[in-house]
Number of protein chains: 2
Amino acid sequence: MGLACPIPLTDYDKILMAHGGGGTLSHQLIQKMFFGHFDNELLRTEHDGAVFSFGDQRIAFTTDSYVVRPIFFPGGDIGELAVYGTVNDLAVCGAEPLYISAGFIIEEGFSMDELWRIVQSMKSAADRAAVKIVTGDTKVVDRGKGDKIYINTSGVGLVPPGVEISSQKIQRGDKIILSGKIAEHGIAILSAREEFDFETSVKSDTAPLNHLIKKVLETHPDIPMMRDPTRGGISSVLNEIANKSRLGILIRETEIPIAGDIRAICEILGLDPLYIANEGKVLLFVPEAKTESVLHILRSDPLGEHAAIIGEVVNDHPGRVVMKTAIGSNRIVDMLSGEQLPRIC
Amino acid sequence: MGLACPIPLTDYDKILMAHGGGGTLSHQLIQKMFFGHFDNELLRTEHDGAVFSFGDQRIAFTTDSYVVRPIFFPGGDIGELAVYGTVNDLAVCGAEPLYISAGFIIEEGFSMDELWRIVQSMKSAADRAAVKIVTGDTKVVDRGKGDKIYINTSGVGLVPPGVEISSQKIQRGDKIILSGKIAEHGIAILSAREEFDFETSVKSDTAPLNHLIKKVLETHPDIPMMRDPTRGGISSVLNEIANKSRLGILIRETEIPIAGDIRAICEILGLDPLYIANEGKVLLFVPEAKTESVLHILRSDPLGEHAAIIGEVVNDHPGRVVMKTAIGSNRIVDMLSGEQLPRIC
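(A) Broad picture of the overall build of chain A. A count of helical and extended segments in chain A gives eight helices and 14 strands. Here chain A has a C-alpha radius of gyration of 20 Å; the compact-globule value for 345 residues is 20 Å, and the two agree. The principal-axis extent of the C-alpha atoms belonging to chain A is close to 55 × 55 × 50 Å. Counting over 345 residues, chain A shows a buried share of 58%.

Encoded structure:
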């Protein structure tokens, strides 16, 4: 005890919504408060999960809490999201997800019938992802001290021999492949909120990516880096990777897959789809010689049919993400301070 | 989808505080809603964690969310509790705890300085328990949708060869050893609440039990069963074990270690200490021939110095816990419906 708080209290003496948004403030909090103090070689990788060895087995371990509002939304619900989110975090560590825990924090007065719908949804999601929910915990908090239900899932999986996902393994010239269209999850959540006042058929893309990623890794176990661009969108993940690897990233606006209706909604609402959450997409860094093969594998699966090369790792602007826009100019794609849409996952 | 909700909605169509209390309603919810639907061989053990094999390594995996109110209390805080609680759940599975995850759900407006105190406390607790916090997650919820901070910790550990903790391995005649005095955590939490109106020096017993349990298992790897009597107290844990093993449990009131001031507070407030939470105690089921040796090991450690034999496994009343009272009568020790003190951990 007695160490000074590493977040300057003169700047932020209280937690803001933006500290949970996946942007700059989130990162500052995580870096200074958590990584700084808990410091160890596994945390230092700053990946979506930790990978460690037991005997000759490499195991990935990850955790996420889900506080999405509303809990039922077009294309999914909090239960499904909680299973797929953790499955995907394991998958982008290169692991085959196997076992999941479920920790429920339920608000007093929550509907038993809605809880049952969520439990059924988690079971279906676990079956689809081929994982087992093997341990759990239930806490109830007083009315007004929660928001219906929050779910934490943690997961463990096995990393196959030869697979090692790390931003340190990215090389200049690697192509950046995105497995499909962006911003669907965030816009689906937004459309389900009371304040959203027009009709859309947009659905969340929430899906388990482990089977798709396994197919890629079976052919190309040496893929250097992958991440799922959830909270904060593709821009936040690309910024994290550029920053961690000290390499430059160039993306091309015209190559980024996005549905016309999503683009239209973003334009009307003044939202930037680069910052909007996805829950069924993966960004892969792939050596140029393997890009056609990886694209072929991805596009053969319904979850990757719209896969595209959206950019590459470059010599210029180390640590930064730059986008060549549709009109040909270069725009720096920074991290946002917070998140355009809070409580997206 | 489409299956009927297994909790009769006519009985409980909303979640009550008691569903999180560790008593009958908690068990009904967990059994019918979660175990019934997620059903698999690991869940069916109904232990504090799941144990599975990767290659020739046996791994324990557990999760708990901490919603204790207040977050700072005599003898500890939510951060320390979150680390020790999960360490202890791994330890009573027979595992050596190694890696811990930390998932924070923070209410908007929470004090940065208090968060920093909690982070430091988690770090000290992890060091004392010799575990590493290797992965984490931070979510922020709107003001009024949380209660300062909730923390989920999950953990993984290695089960040494020869160790297999299971209520199915308990035998008639096994002695029941409790590692120390009961009800300290619950009373410490109560004393920190506004509604409590007298002074006491009672402190929570929150502590990591893994080093103590390791010493016991190194000499006696064949201990059949252990549990830490947290939420719901020793009565709830003994009832779960009696029920799962279909054996009778007899305990003796006069043998149960309890401090005089705790007993006095319980009498004044009409609380039964058998149902009050502990956070640094373990119940061990031990074959009679080994009890003296186990007691000796426990009592040589400050965390086990008050260890005592409190009862045994008997032929009578299978599935039930009976207590011989101080005045010599027999009392059935049932599960409570809820919890005397909500949000104790």
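(B) How the structure looks around the relation of the copies chain A and chain B. With an RMSD of 0.0 Å, the operation that places chain A on chain B is a rotation of 180° combined with a shift of 0.0 Å along the axis. What the superposition gives is, in effect, a two-fold axis relating one chain to the other. Scanning chain A for the C-alpha nearest the rotation axis identifies Gly146(A), at a separation of 2.3 Å. Looking at chain A, 100% of its interface residues are interface residues in chain B too, so the copies touch through the same face.

(C) Representation of the sheet that holds strand β8 (residues 175–178) of chain A. Residues and elements named next belong to chain A. One open sheet holds the seven strands; their spatial order is β9-β11-β8-β12-β10-β13-β14, and the pairing between them is mixed. If you trace the sheet from one side to the other, it starts and ends with β9 (225–227) and β14 (330–332), each paired once. Direction aside, the axes of adjacent strands within the sheet are offset by 25° on average. The pairing of β9 with strand β11 (residues 283–286) spans three bridges and is classified as antiparallel. The residue bridging Met 225 from the neighbouring strand is Phe 285, located in β11. Contacts between helix α8 (residues 291–299) and the sheet are confined to β8, β11 and β12 (308–314), with β8 contributing the most and set at about 5° to the helix.

(D) Representation of the interface of chain A and chain B within the structure. Facing 74 residues of chain A, the contacting portion of chain B comprises 74 residues. Those elements that place two or more of their residues in the side of chain A that touches chain B are α1 (24–38), β1 (50–54), β2 (57–66), β5 (96–107), α3 (112–129), β6 (132–141) and β7 (149–159) of chain A. Top contributing element to the side of chain A that touches chain B by residue count: β6(A), with 10 residues.

(E) Region of interest: the domain arrangement of chain A. Residues and elements named next belong to chain A. What the domain assignment reports for chain A is domain 1 (17–159) and domain 2 (167–332). For the side of domain 1 that touches domain 2, the secondary-structure elements that each account for two or more residues are α2 (78–92), β5 and α3. With eight residues, α2 is the largest single contributor of residues to the side of domain 1 that touches domain 2. For the side of domain 1 that touches domain 2, the per-class residue count stands at 11 nonpolar, eight polar and five charged.

(F) Inspection of helix α6 (residues 233–245) of chain A at higher detail. All names here are of chain A. With 13 residues, α6 extends 19 Å between its outermost C-alpha atoms, agreeing within 8% with the 18 Å of an ideal straight helix rising 1.5 Å per residue. Of all 13 residues making up α6, 11 are buried, and the element is well covered by its neighbours. Inspection of α6 places Gly 233, Ile 234, Ser 235, Ser 236, Val 237, Leu 238, Asn 239, Glu 240, Ile 241, Ala 242 and Ser 245 among the buried residues, and these make up the whole buried set. Here the buried face of α6 lies against β8, β9, β10 (248–252), β11 and β13 (321–324). One or two residues past the end of α6 sits Arg 246, with phi positive at roughly 60°.

(G) Local environment of the packing of helix α5 (residues 210–219) of chain A against α8(A). Residue and element names in this part refer to chain A. The N-to-C vectors of α5 and α8 enclose an angle of 150°; their axes lie 9 Å apart at closest approach. Overall, the two elements α5 and α8 adopt an arrangement that is roughly antiparallel. Both α5 and α8 take part in a crossing whose hand is right-handed. On α8, the residues that touch Leu 212, Lys 215, Val 216 and Thr 219 of α5 are Ser 293, Val 294, Ile 297 and Leu 298. Classifying every residue of the contact of α5 with α8 by side-chain character gives five nonpolar, two polar and one charged.

(H) Focus on the nonpolar core. With 228 residues, the main nonpolar core has Leu115(A), Ile149(A), Leu115(B) and Ile149(B) as its most contacted residues. In contact with Ile149(B), not counting residues within four places along its chain, are Ile71(B), Ile78(B), Phe104(B), Ile106(B), Glu107(B), Phe110(B), Leu115(B) and Ile118(B).

(I) Representation of the confidence of the model for chain A. Confidence in the prediction for chain A averages 94 pLDDT; 98% of positions are at 70 or higher. Both scores are given for the predicted complex: the pTM is 0.96, the ipTM 0.96.

(J) Representation of the environment of Ile309(B) in the model. All names here are of chain B. Position of Ile 309 relative to the elements: it lies in strand β12 (residues 308–314). When the 19 C-beta atoms within 10 Å are taken as the criterion, Ile 309 is described as partly exposed. Along the sequence, Ile 309 and Val 286 sit 23 residues apart, while their C-alpha atoms lie 9.7 Å from each other. For Ile 309, the residues in contact, after removing those within four places along its chain, are Lys 175, Ile 176, Ile 177, Glu 255 and Thr 291.

(K) Highlighting the sheet that holds β5(A). Residues and elements named next belong to chain A. Taken in spatial order, the five strands line up as β1-β2-β7-β5-β6 in an open sheet, and their pairing is mixed. A single partner strand is all that each edge strand has here, and the edge strands are β1 and β6. Strand after strand, the sheet turns through a mean of 20° between neighbouring axes, direction not considered.

(L) A look at α1(A). With 15 residues, α1(A) extends 20 Å from end C-alpha to end C-alpha; this agrees with the ideal 21 Å at 1.5 Å per step. Of all the bends in α1(A), the greatest, near 30°, is centred on Gln31(A). Buried within α1(A) are the following residues: Leu25(A), Ser26(A), His27(A), Leu29(A), Met33(A), Phe34(A) and Phe38(A). Those residues of α1(A) hidden inside the fold are in contact with α3 (112–129) and β6 (132–141) of chain B.

(M) Broad picture of the pairing of β11(A). All names here are of chain A. Burial along β11 is two-sided: the residues Leu 283 and Phe 285 and Leu 284 and Val 286 are all buried. Sheet analysis places β8 next to β11, joined by four bridges and oriented antiparallel. Opposite Ile 176, over in β11, you have Phe 285 as the bridge partner.

(N) Spotlight on the environment of Val333(A). Mapped onto the elements, Val333(A) comes out in the segment after β14. Along the primary structure Val333(A) and Val237(A) are separated by 96 residues, whereas in three dimensions their C-alpha atoms are 11 Å apart.

(O) Examining unusual backbone geometry more closely. Here the bond from Arg69(A) into Pro70(A) is cis, since omega is -5°, no more than 30 degrees from zero. Within the secondary structure, Pro70(A) sits in the loop between β2 and β3 (72–73). Positive phi outside glycine occurs at Ala130(B), with the angle close to 60°. Note on Ala130(B): 14 C-beta atoms within 10 Å, which makes it partly exposed. Phi angles above zero are rare outside glycine, and Arg246(B) is one such case at about 60°.

(P) Spotlight on the packing of α3(A) against helix α1 (residues 24–38) of chain B. Between α3(A) and α1(B), the least distance of the axes is 10 Å, while the angle of their chain directions is 20°. It follows from the interaxial angle that α3(A) and α1(B) lie roughly parallel. In terms of crossing hand, the pair formed by α3(A) and α1(B) is right-handed. Residues Leu115(A), Trp116(A), Val119(A), Gln120(A) and Lys123(A) of α3(A) form the contact with α1(B), whose own contacting residues are Met33(B), Phe34(B), His37(B) and Phe38(B).

Calculation rules
Residues numbered from 1 in each chain as written. Chains lettered and ligands numbered in written order. Predicted model: local features only at pLDDT ≥ 70, side-chain atom pairs only at ≥ 80, totals over all residues. Helix = DSSP H or I, 4+ residues; strand = E, 2+ residues; numbered from the N terminus. Rg over C-alpha atoms; globule rule 2.2 N^0.38 Å. Buried ≥ 20, exposed ≤ 12 C-beta atoms within 10 Å, placed from the backbone. Least-squares fit on C-alpha atoms with pLDDT ≥ 70 in both. Contact = placed C-beta atoms within 7 Å. Pairing = 2+ DSSP bridges. Axes fitted to C-alpha atoms, helices over the stretch in contact; angles between N-to-C directions. Domains from an automatic or database assignment. Nonpolar A, V, L, I, M, F, W, Y, C, P; charged D, E, K, R; others polar. Expected span 1.5 Å × (residues − 1). Parallel < 35°, antiparallel > 145°, perpendicular 65-115°, else oblique. Left-handed = near helix turned anticlockwise from the far one by under 90°. Core = buried A, V, L, I, M, F, W, Y, C linked by C-beta atoms within 7 Å. pLDDT = per-residue confidence, 0-100. Bend = angle between axes of the 7 residues up to and from the residue.

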